[in-house]
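Topology and contacts: notes
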Amino acid sequence: MSTNINLKNSTDTTFSITHSDGANTKVLDSKDIAVAIDTVADFPANPNNGDVVIVRDLNRGGTFIYDSSEVAGSNDGTNFDGWIRQYSGAVNVKWFGAVGDGIVDDTVAIQSAINSADSIFIASGNYIVENLTINNKSISGVSAIITVKGTIVSEFGILFSGTSYMQGIDFVLDKSSLRGTLIKVYNTQNSVFDNCTFSSDPTSISSPTTFDCYNGNNNLMVLNCTFNQYSAAASGGVWIREFYAGQTSKNFIFDNCIFNKKGGDELVAIWGWNGTIDGVIMSNCLFNGYSSSYNPLWFFTLGQSGTSRNIKIINSKFYIEYVTSGVFKSYSIGGGDNILIDGCDFNIIGASANSYFIRNASGFSAFVFTNNNLVVGALALLQYGIQNVRDVVRNTITVNYCSDNIFHSCTNIVGNTIVINSHSKVAGPSGVNLLDNNITLNNTSSYIAFQQQNVGDLRMLNNTITATIQCTQLIFTSGVSGTVNHFIKGNTIVNGGIYSNHASGITLLTENNLINFAAGAMSSSQIYNNIRDGVFKPTGL
């Protein structure tokens, strides 16, 4: 057995090793032997193709092989002037020099990593950036924070577009940032955000937007994410919109997300803006609004300018510490349709006087509020509860204060359990179907609970209505102009009363169970087959 080391000449550092065991002989050139260096600044000069180097650096280290044909593609992360990093899977931003210490500006390093590959990994750390552009990329992280310092006045910090995937990153708009938007989502197709946090708390600008789905977005999924805006700014929040006229953004899903807001403007705004939004589902989410020097004007805006349609908010929880004008405002100047709020819990602690729970101002004819639990606290000084909603069905509603109608100009109020603990009107003033509800009026004074005036027919069928004290005008119906008919049938009414006066039309009172009932003036009325205090009355009361 023998081993020979042969130098090619006295000045050449390359060599070959020949090893023989008598039966087999193997020759190794120097290019087959890895050379170890400390940093990426120490690559050997004048390498040969195939030379191997191991870099010991903890963050930027790895195994590299030289390829002279790749020199032009140098990117200071996976290619150092032809020295090609050997790896599989995602590139690591630290290979490109990102530090993640919360001090060093890592913008160039991270953007270089993003530009170099389709899949990027961000290791634990707090990475300071000025701004980033992410297009058709998959980015994941573990305990990774990206803080947008934003020392230059600009529209956004992170631009997210194409078909991209983002997982496990916390994004922060720094308190000193001059960027108006943390995340701008622009022209995405089939993209996903999963398990990310977005926090926008700058003190240097008045209108920080945490997450702006700006335009041209289709099939966007946002899963298990948290949105925070705790600074007392005048506006901002999460926006889902289509900025450009004639364009449509569609199919947004937010599932198992948390939205926290302390500041003015909306917590969430879904609107067409200049174009159309078609299809938004928010499910299993938690919405928290906290009181501050700037309180949300509207907690949730649905519609506004442009066209919005097919919006579903389901199985979610709302905690509203204080709101200025109301919880939901829906209006669509360009037209819109189909809003469903289903299976949600609402806890309204405080609200300004003359505010609303839902104000469906115009545009949304198919608005359904169903299977929800709504509690309006005594400090929530609502003027109206639910306005102009077509179907209010199978909800549990407790109202401790409402100065006017809880159901204002709603069409179908069906199968609800309603408890009123204040001097409030239940429903009115226009046409309504009040069917199969269980209504308890814990009132402190006699007042009109159901006021039907001027327009539309009233149908009160198969309800159980109980007042704690006698309300002589529990039901107040009148038709000042036009023909208005009122049908009151199959109800159980305790401690109630009625006043009916028509210019034209009739009031039909039949097959009701009336307990301690007070009958006031009843013009143009048909009264028959009622039970009053246990006595059957074929006609009259």
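Fair warning: this is a prediction, and the values are worked out from it, not measured in the lab. (Residues numbered from 1 in each chain as written. Predicted model: local features only at pLDDT ≥ 70, side-chain atom pairs only at ≥ 80, totals over all residues. Heavy atoms only, no water.)

A word on the sheet that holds strand S5 (residues 52-55). Sheet architecture is open: five strands sit in the order S4-S5-S6-S8-S7, paired in mixed fashion. The open sheet has two free edges, formed respectively by strand S4 (35-37) and strand S7 (79-80), since each of these has just one partner strand. (Pairing = 2+ DSSP bridges. Helix = DSSP H or I, 4+ residues; strand = E, 2+ residues; numbered from the N terminus.)

Before going further, it helps to examine helix H1 (residues 107-116). Taken together, the buried positions of H1 are occupied by Thr 107, Ala 109, Ile 110, Gln 111, Ala 113 and Ile 114. Structurally, H1 contributes buried residues whose contacts are with strand S9 (91-92), strand S10 (101-105), strand S11 (119-122), strand S12 (125-129), strand S13 (132-135) and strand S14 (138-148). (Buried < 20%, exposed > 50% of the residue type's maximum accessible area, 1.4 Å probe, protein only. Contact = heavy atoms within 4.5 Å.)

Do not read the predicted coordinates in detail wherever pLDDT is low. Per-residue pLDDT for the chain has a mean of 86; in total, 85% of the residues score no lower than 70. In this model, residues 1-13 is a region of pLDDT below 50 whose contacts with residues beyond four sequence positions or in other chains number 20 contacts. (pLDDT = per-residue confidence, 0-100.)

We now examine the packing of aromatic side chains. Going through the model one piece at a time under the given rule, you end up with 41 aromatic pairs. Note on Phe 43 and Trp 83: the rings are 5.2 Å apart at their centroids and 15° apart in plane angle, and the pair reads as stacked. Of the two residues, Phe 43 sits in the loop between S4 and S5 while Trp 83 sits in strand S8 (residues 83-85), which places them 40 residues apart along the sequence. On the basis of relative accessible area, Phe 43 is assigned to the buried category, the value being 16%. Stacked on the ring of Tyr 214, the Lys or Arg Lys 184 has its end atom at 4.0 Å from the ring centre. A cation sits over an aromatic face here: Arg 241 above Trp 273, 4.3 Å from the ring centre. (Phe/Tyr/Trp six-rings, centres within 6.5 Å; stacked < 30°, edge-to-face > 60°. Lys NZ or Arg CZ within 6 Å of the ring centre and 35° of its normal.)

Most of strand S22 (residues 237-242) sits out of view: six of its six residues are buried. As defined by bridge partners, strand S19 (residues 209-215) adjoins S22 across four bridges and the pair is classed as parallel. Counted as the bridge partner of Thr 209 is Gly 237 from S22. In terms of strand pairing, S22 meets strand S25 (residues 268-273) through five bridges, oriented parallel.

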